[in-house]
Amino acid sequence: MPRKPSRKAHTVNLDSSHEAIADSESQTQAVLPQELWRNIVDEVATSDSNPASRKNTLRNLSLTCRSLCAEAQRILYRDIMLEDGTEMVRQISQALHGGAAKHVQALHIGNYHGIPGRRGRSSETFCVSLPFDRMDNLRSLSIESKGYIAYPERTIALCRFLSTSIKPNSLTTVHWPILLDNSLYSVLETQNSITDLSIMGIGTLDLARLKNPQFLPVLKRVKSSACTGTNMKELVQGRPVAVIHSPPYLDELEPCLSYAPHLTALDLSGITIYTSDGMAASQRIVSAAVNLRVLLSYRFVFYPNEVDLPNRVFGVFHTLAHLRSFGIILELRDQMPPVGGDATVQQPVNALQDIVLPHNLQTLFVSNTRHNLFGSVTATQLRQRTIHNGWDIREKQGDSDPVEWFDSEIREI
């Protein structure tokens with residue numbers, strides 16, 4: 001079991017030249033209020049949309065003077081992405097031990113695959129070398145761990161470490177696609193401020209513990225990639241869950257429909273529905289989730305002889321009186337290309353004018369993909385209601401992630 005790093009750890013920055021240069025600042029340097037230094041760095045950070053370029057600029061700013069170094073570090077370490085077991089972990093760990101840990105708000109750990117002590121691997125390259133106990137402002141934790149099934153002891157070890165290292169009730173967002181079992185429970189039970197939880201499913205956990213009202217008491221958003229319907233129901237009921245990302249099968253959502261009136265947003269994009277099955281599925285959702293404000297529908301697959309079917313399937317949603325944002329995902333399976341045309345010519349966005357949309361709808365997102373023997377092509381369309389009750393239409397060739405659109409629509413929920 002890895003030992004937590006001591007608070008007396010050697011203080012080294014991400015770039016050891018930073019402190020040396022900052023300490024040798026000219027005594028004639030102009031003195032500005034710290035608010036102005038902060039404004040300068042914020043302007044530099046927001047004016048560059050390229051992440052790599054922005055990071056390089058901030059690193060250069062941190063080399064100029066002590067005041068700019070402090071403000072540049074505030075942004076550089078605010079959102080950290082790293083791969084476990086790499087030299088980057090060592091460098092970032094040194095910087096965080098040197099005082100930058102207080103700036104960390106979001107931490108993304110990719111490819112967690114082991115613990116210190118493996119032959120030829122330095123413990124300083126593993127994520128457990130990071131000073132979690134000093135990250136007083138850490139709010140979001142995301143971990144990817146591909147080998148959790150083959151090597152469950154690695155996940156258990158990390159859970160034990162995190163449960164004693166992270167400040168209690170500090171996290172609001174946890175993304176870790178593993179099963180919620182006793183090990184992960186030990187981490188989550190000390191974090192009563194979590195509002196956003198993303199896991200794989202629920203494993204060998206006593207459901208009585210899941211029903212504990214003190215466990216995840218303010219949970220608002222749940223995402224599970226492989227959770228049984230019964231377990232999903234136990235996870236959401238009794239908690240203020242307003243947003244659900246459904247598992248990939250509609251049957252797994254069915255037990256939760258009794259809870260559906262409490263939902264304000266629903267993401268069904270992981271579900272694929274074929275042809276006429278969509279009619280019954282849409283009707284069940286509309287009848288239960290009557291208070292939805294944001295809905296990203298399932299992927300609806302149809303064929304050339306069924307071109308009128310999407311209108312009837314999605315027209316059912318017009319009864320959702322509170323719906324403000326609606327996402328539609330269409331996939332046309334056409335084995336043969338049109339005569340005399342390109343094999344991947346995109347069909348116009350499917351007859352949207354004929355769909356009876358909810359009266360108060362403000363935003364309509366449509367992803368339209370055509371598949372055939374020669375390939376596929378996707379077009380996306382975003383419609384937004386204008387002040388004159390018309391539509392401002394923006395079209396894009398190429399794939400646009402529907403879940404990203406969904407996330408942008410629920411930021412205020």
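Use the structure listed above.
What comes next concerns the included structure. (Residues numbered from 1 in each chain as written. Predicted model: local features only at pLDDT ≥ 70, side-chain atom pairs only at ≥ 80, totals over all residues. Heavy atoms only, no water.)

### Description of the overall build of the chain
And step 1. Across its full length, the chain carries 13 helices and 16 strands.
And step 2. Element-wise, carbon and sulfur atoms account for 51% of the exposed surface of the chain, whose accessible area totals about 20100 Å². (Helix = DSSP H or I, 4+ residues; strand = E, 2+ residues; numbered from the N terminus. Areas by Shrake-Rupley, 256 points an atom, 1.4 Å probe, with all protein chains shown as cover.)

### Observations regarding the pairing of strand β15 (residues 375–385)
And step 1. Bridge analysis of strand β14 (residues 363–372) against β15 gives ten bridges, and the strand direction is antiparallel. Looking at the pairing, Leu364 lines up with Arg383 of β15.
And step 2. Hairpin geometry of β14 and β15 is characterised by an intervening segment of two residues between the two adjacent antiparallel strands. (Pairing = 2+ DSSP bridges.)

### Here we look at the nonpolar core
And step 1. In this structure, Leu96, Leu107, Leu130, Phe132, Leu162, Leu180 and Tyr298 are the most contacted members of the largest nonpolar core, which totals 88 residues.
And step 2. Discounting residues that sit within four places of it in the chain, Leu162 has contacts with Phe132, Leu141, Ile143, Trp176 and Val187.
And step 3. Counting residues in hydrophobic clusters, the runner-up holds eleven residues, among them Ala242, Val243, Ala265 and Trp405. (Core = buried A, V, L, I, M, F, W, Y, C linked by side-chain atoms within 4.5 Å. Buried < 20%, exposed > 50% of the residue type's maximum accessible area, 1.4 Å probe, protein only. Contact = heavy atoms within 4.5 Å.)

### Section: the pairing of strand β2 (residues 106–110)
And step 1. Counting buried positions along β2 yields four of five residues, so the element is predominantly enclosed.
And step 2. Relative to β2, strand β1 (residues 79–83) runs parallel, the two being bridged by five bridges. Residue pairing across strands places Ile80 opposite Leu107, the latter belonging to β2.
And step 3. In terms of handedness, the path from β1 via helix α5 (residues 87–97) over to β2 forms a crossover that is right-handed. (Right-handed = clockwise from strand over helix to strand, strands pointing away.)

### As for the packing of aromatic side chains
And step 1. By the definition in use, this model includes nine aromatic pairs.
And step 2. Geometrically, the ring pair formed by Phe365 and Trp405 is stacked, given 5.3 Å between the ring centres and 20° between the ring planes. On the criterion of sequence distance, the pair formed by Phe365 in strand β14 and Trp405 in helix α13 (residues 402–409) is long-range, its members being 40 residues apart. For the pair formed by Phe365 and Trp405, the shared burial category is buried.
And step 3. Here a set of aromatic residues connected by ring pairs shows up, and it is made of Tyr298, Phe300, Phe302, Phe314, Phe317 and Phe326. (Phe/Tyr/Trp six-rings, centres within 6.5 Å; stacked < 30°, edge-to-face > 60°.)

Any functional reading would require information beyond the geometric quantities listed.
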